[in-house]
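Understanding the architecture of this molecule
Residue-level listing of the chains:
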Amino acid sequence: MCAKDKANFVRMSFLNELNDAQRAAVTHIKGPLMVIAGAGSGKTRVLAYRIAHLIQNGVDPFQILSLTFTNKAAAEMKHRIASLVGEADARNIWMGTFHSIFARILRNEAERINYSRNFTIYDTNDAKSMIKDVLKELGLDDKIYKPSNVLSRISSCKNNLIGPEDYRNNIDLINEDHMSGKSKMVDIYERYNNKLFNASAMDFDDLLFKTNILFRDNPDLLLKYQHKFHYILVDEYQDTNFSQYLIVKQLGKMHENVCVVGDDAQSIYSFRGANIQNILNFRRDYPDYKMYKLEQNYRSTQTIVNAANGIIAKNKDQIKKNVWTSNDQGSVIGLYKAVSDNEEGAYVANHIFATKKEEGIDYNGFVILYRTNAQSRSFEESLRKLNIPYKLYGGTSFYQRQEIKDLIGYFRLVANHKDEEALKRTINYPARGIGKTTLEKVQVISAERNTSMWEVILTPQQIGVNSGTALKLSEFTTMIRSFAVGLETAPAYEVAYNIASSSGLLKELYNDKTPEGVARYENIQELLNGIKEFSDKIDPANPHKVNTLSEFLIDVALLTDADNEDSAEKEKVSLMTIHAAKGLEFPFVYIVGLEENLFPSMMALNSREELEEERRLFYVALTRAEKKVTLSYATTRYRWGQLTYGEPSRFIDEIDDNFIDKKGVSLNKPSEFSRPKIDFGKERQGFNSGRVGEREPRMLSDTPDIPVNFTPPVKKDAIPSGNFKKVDAAQSKPAGPILQLESGMTVSHEKFGKGKVLKVEGEGADAKATIFFPSEGQKQLLLKFAKLTIID
DNA sequence: TTAGGCGCTGTTTTT
DNA sequence: CAGCGCCTAA
């Protein structure tokens, strides 16, 4: 078979793998199209095949712009396309997240918007820190103007392309601020933007905002990119915001070969400005668009598909579609009620261990999904106890760690001297006697002169510090400048290593022999190793090219450690938030922490819209599963260091009884779903002293034997939590004796004094008594918490 | 100027 | 519980 025939053969065979709707979407070449793709309906496959199909029909990969939601999705897509059309073509497609693609374009065209191509991308922490500085400069109270609130308001403005000027002219916004007592909001916004500019920095939203500005103010450039991108594809279209929508619209104007793929039922990013409206806008902008609906689910069992359909049907806002599957019925959804967050962790870990054995499937087939990152701890601990390897996605990512940010701070400052957040971070770490006082002076002067801090410390004599400090400042600027040698020309690792060691940072960490210090040193080594790898990588198309630190820095702010796929794909259980799981699939899915106020989140109970988004999130979670879903919740949980009581999530009850097995729960606790509410208001102090959970009976019928001398692989990515002591302490502390009370007894309570027992219910750990205290009235107390003594 | 201790306060999801 | 800002001692 010659190459051409082979290509034809491949094409024929991959088109045959598609169903009618999929094939129609893939082979639709010219003109706008929208693909509404139900969960598990082969959306990624359609996108990948469509791109492959375009290339096979003579489209130059350089003319294809494919926008994905995460870097990971982009990498996966490239991989798939490479297997269809070959590595060389796949590499040349413009594929990535909105943020990374347009950061790249902004760097290339930086001078058009008065920026240097070395601009820094500020992450959320940098941005918040800058907001705090703005508040200080304006003399505003950060209790009223909470930095995170301010930032999210600014962010939503930017996502809707409302700049400070527009804000000032927008009566509604100004009124809103006035009503809420935050009339200075617009001043903060303006000054914040100004400071970003002085620091030669952009926040995440700026990357999109400034792209719009760039295209608005430079028609020639817009034309250039319109010409360039003959074909545009947008994944997860339901999660794009207005700013992104407009970029796509502008770029697509010339060829109108715009393909958007999405599912309104999986829209879970409205907090980030995502707007369903964009789907309607698309219809308006391209009246002759074609729509394809992918409704056959290939991923999940009938049980899962039907349960998920039932859930989403409870939402009012949605595009009607009929997701179905011809897969097996499969097993019912499991439900487990745990008495504590730790016990929930133990149950899930044990269940995974047992299921793996039973099904002969490896650990990659399992995922634990939770609503908030903070929930990961109990699962990590339980998995470690069973020596089950796991990988934690999200959370405090590698790049967010203090020591990593410190070193990258140096890199950033070297590349962009104006980077104020980097300067603040590095100027006195390691300590060089440039303290708070000096820094404040510098900040005040730079604000007065409307310039960067770097500019100010270049001439330290002018800022009224003593000569010793002035000397230290000029030593610092000299050092930073010396680091810049080779930034654009030498291999990244050489420059990076020199900075790490000459700045004194490496030594500082090396000298710290505490366990945390050692871990930090190792993390720095890991970063340096990563840079070494980057340096050594050879581009086959350009083998003599040097990979510089400047290039390494370009995308570092946009990386999350989910993108650092482990080189060796060792088998591991995945732990992540539901948001992070979007687009992924696993045979066995555990959705945990299904409690009111946690999932749905307490923050989302104020409106129908918010609750519906939580419900879509639950829908996304369910539809990640291929074979089996297991739900769990805990009746008690530590939140913010406090023991709290939870009720089962409403979402559990929203699942049709045919698809869920509630036996495990009702056997333990017949009255669970109608458990009387207990007012714990006054007893709270009492609860703090007692710890629950750890010593509860496990209630597991299938608890596997735990291998005693299983040697755990040392896992770098299994993040040391350093928090084991506390758990162990809690475990070894025996539970207070549970008194055998009977009604009629007189007892004494630490806080409430003497009281008379009226009623005793339940047994063991769950026993509770109704007691009448003359001073307090009638109380219901759980005996395992209440410190009671029997008087007679 | 720095380090360390104390008390206060939020409590979601992410590029 | 964590991360912070504020205070004090050296």
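Up top is the structure these notes are about.
The structure presented is a predicted model; accordingly, all values stated were derived computationally and were not measured. (Residues numbered from 1 in each chain as written. Chains lettered and ligands numbered in written order. Predicted model: local features only at pLDDT ≥ 70, side-chain atom pairs only at ≥ 80, totals over all residues. Heavy atoms only, no water.)

1. Observations regarding the protein's contact with DNA strand B
The test is simple: Proximity is defined per residue: any heavy atom of the residue falling within 4 Å of a molecule or strand makes that residue near it. Two N or O atoms count as a polar contact when they lie within 3.5 Å, although within protein this holds only if one can serve as hydrogen donor and the other as acceptor, and sequence-adjacent residues are included solely when both atoms are side-chain atoms. Following the grouping adopted for this structure description, the nonpolar residues are Ala, Val, Leu, Ile, Met, Phe, Trp, Tyr, Cys and Pro, the charged ones are Asp, Glu, Lys and Arg, and the polar ones are all others, Gly among them.
If you check the shell around DNA strand B, you find 24 residues, and the closest are Arg-272, Arg-371, Asn-373, Thr-437 and Trp-640. Sugar and phosphate atoms constitute 48% of the interface atoms of DNA strand B, taking the interface as everything within 4 Å of the protein. Within the side chain of His-99, a nitrogen or oxygen atom sits 3.2 Å from a base oxygen of DNA strand B. One nitrogen or oxygen atom from the side chain of Thr-438 is found 3.2 Å from a phosphate oxygen belonging to DNA strand B. Residues that form the surface near DNA strand B fall into these classes: eight nonpolar, 14 polar and two charged.

2. Quick look at the sheet that holds strand β2 (residues 64–68)
Across a sheet, paired strands are connected by hydrogen bonds in the backbone, their directions being either parallel or antiparallel. What counts is decided by this rule: If DSSP finds at least two bridges between two strands, the strands pair. Only DSSP runs of H or I with at least four residues qualify as helices, and only runs of E with at least two residues qualify as strands; both kinds are numbered from the N terminus onward. To get an axis, a line is fitted to the C-alpha atoms, and for a helix only the part in contact is used. The angle between two axes follows their N-to-C directions and goes from 0 to 180 degrees. Any two residues whose heavy atoms approach within 4.5 Å are treated as being in contact.
The strand order across the open sheet built from six strands is β3-β2-β6-β7-β1-β8, with neighbouring strands paired in parallel fashion. Lying at the two open borders of the sheet, with one neighbouring strand each, are β3 (94–97) and β8 (290–294). Mean inter-strand twist for the sheet, computed between neighbouring axes without regard to direction, equals 15°. Together, β2, β6 (231–234) and β7 (258–262) form the strand contacts of helix α14 (residues 242–252), whose direction differs from that of β6 by roughly 160°.

3. What about the sheet that holds strand β14 (residues 625–634)?
Spatially, the seven strands line up as an open sheet ordered β11-β12-β10-β13-β14-β9-β17, and their pairing is parallel. Looking at which strands have only one partner, the edges of the open sheet turn out to be β11 (390–392) and β17 (660–661). Note that strand β9 (residues 333–338) and β14 share five bridges and pair parallel. Bridge pairing links Gly-334 to Thr-630 in β14.

4. Brief notes about the environment of Thr-355
The criterion, for reference: Throughout, exposure labels follow a simple rule: accessible area from a 1.4 Å probe, protein chains only, divided by the maximum for the residue type, with under 20% read as buried, over 50% as exposed, and the rest as partly exposed.
With respect to the element layout, Thr-355 can be found in helix α17 (residues 341–359). According to the relative accessible area criterion, Thr-355 is buried, its value standing at 7%. With 102 residues separating them in the primary sequence, Thr-355 and Ile-457 have C-alpha atoms 62 Å apart. Discounting residues that sit within four places of it in the chain, Thr-355 has contacts with Gly-360, Phe-366, Phe-588 and Tyr-590.

5. Digging into the packing of aromatic side chains
Applicable threshold: Classification of ring pairs rests on two measures: the distance between centres of Phe, Tyr or Trp rings, Trp counted by its six-membered ring, which must be within 6.5 Å, and the angle between planes, read as stacked under 30 degrees, edge-to-face over 60 and tilted in between. A ring has a charge above it when a Lys NZ or an Arg CZ is no more than 6 Å from the ring centre and no more than 35 degrees off the ring normal.
One pass over the structure, following the stated rule, counts 23 aromatic pairs. Both rings, one in Phe-69 and one in Tyr-269, keep their centres 4.8 Å apart while their planes meet at 55°; by these two values the pair is tilted. One end of the pair, Phe-69, is in the loop between β2 and α4 (71–85); the other, Tyr-269, is in the loop between β7 and α15 (277–285), and 200 residues separate them in sequence. Residues Phe-69 and Tyr-269 agree in their burial class; the two are buried. Ring geometry for Tyr-237 and Phe-282: centres 6.0 Å apart, planes at 75°, overall edge-to-face. Remark: Phe-282 occurs in helix α15 and Tyr-237 occurs in the loop between β6 and α14; sequence separation between them is 45 residues. Given a relative accessible area of 4%, Tyr-237 falls into the buried group. Classification of Phe-282 as buried rests on a relative accessible area of 2%. Taken together through their ring pairs, the aromatic side chains of Trp-94, Phe-215, Tyr-225 and Phe-229 make up a single cluster. The ring of Trp-94 is capped by Arg-104, whose NZ or CZ atom sits 3.9 Å from the centre of that ring. Over the ring of Phe-69 we find Lys-582, and its NZ or CZ is 4.6 Å from the ring centre.

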